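Listed below, chain by chain, are the residues.
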Amino acid sequence: METKQFTGSPEDADLMRADSLAREIFSDVANKWALLIIEFLGDRTLRFSELRNEVEGISHKMLTQNLRMLERNGLVERCVHPTVPPRVEYTLTEAGQGLRATIDGMCAWTRNYLAHIEASRRRFDA
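Residues numbered from 1 in each chain as written. Predicted model: local features only at pLDDT ≥ 70, side-chain atom pairs only at ≥ 80, totals over all residues. Heavy atoms only, no water.

**Student:** Help me out: how do you make sense of the nonpolar core in this one?
**Tutor:** Nonpolar side chains tend toward joint burial in soluble globular proteins. With 21 residues, the main nonpolar core has Ile37, Leu41, Leu51, Leu67 and Leu70 as its most contacted residues. Those elements giving two or more residues to this core turn out to be α2 (32-41), α3 (48-54), α4 (60-72) and β3 (87-92). Take this core: its biggest share by element is five residues, from α2. Each residue touching Leu70, except ones within four places of it in the same chain, is listed here: Val29, Ala34, Ile37, Ile38, Leu75 and Val76. (Core = buried A, V, L, I, M, F, W, Y, C linked by side-chain atoms within 4.5 Å. Buried < 20%, exposed > 50% of the residue type's maximum accessible area, 1.4 Å probe, protein only. Helix = DSSP H or I, 4+ residues; strand = E, 2+ residues; numbered from the N terminus. Contact = heavy atoms within 4.5 Å.)

Right, here's the structure in full:
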């Protein structure tokens, strides 16, 4: 198997990297838990247990995995306070707040088209 040599301009290479990164981030955050965590954090700073209580139905493992993924992508900041036991708090970064605005737009779209979506689903399922 041969690898292809990229022959485009540096600008094209930057666009390809940005496109690849966007797909990776979309894949990471396009799950119900990540979206709910971002929405519930909002403008607040919450401890792990507070966040787990807010996000109904999420397991300890799923919350941990999603918080790590969000932190890795620069959307959530994790702050560990040197206490016994350690107190860990989570807050959205500026990038996380920007994504939250997009999520809020998606929620508004859902509210606007809820009747249409429900009617379409009924017709399809009939």
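Further notes follow.
**Student:** Mind showing me how you'd approach the packing of α2 against α4 here?
**Tutor:** Each pair of packed helices can be described by the angle between their axes along with the distance between the axes. Viewed as axis vectors pointing N to C, α2 and α4 meet at an angle of 75°, and their least axial separation amounts to 10 Å. Taken together, the axes of α2 and α4 lie roughly perpendicular to each other. Every residue of α4 that contacts α2 at Trp33, Ala34, Ile37 and Ile38 is listed here: Met62, Leu63, Asn66, Leu67, Met69 and Leu70. A class-by-class count of the residues in the contact of α2 with α4 yields nine nonpolar, one polar and no charged. (Axes fitted to C-alpha atoms, helices over the stretch in contact; angles between N-to-C directions. Parallel < 35°, antiparallel > 145°, perpendicular 65-115°, else oblique. Nonpolar A, V, L, I, M, F, W, Y, C, P; charged D, E, K, R; others polar.)

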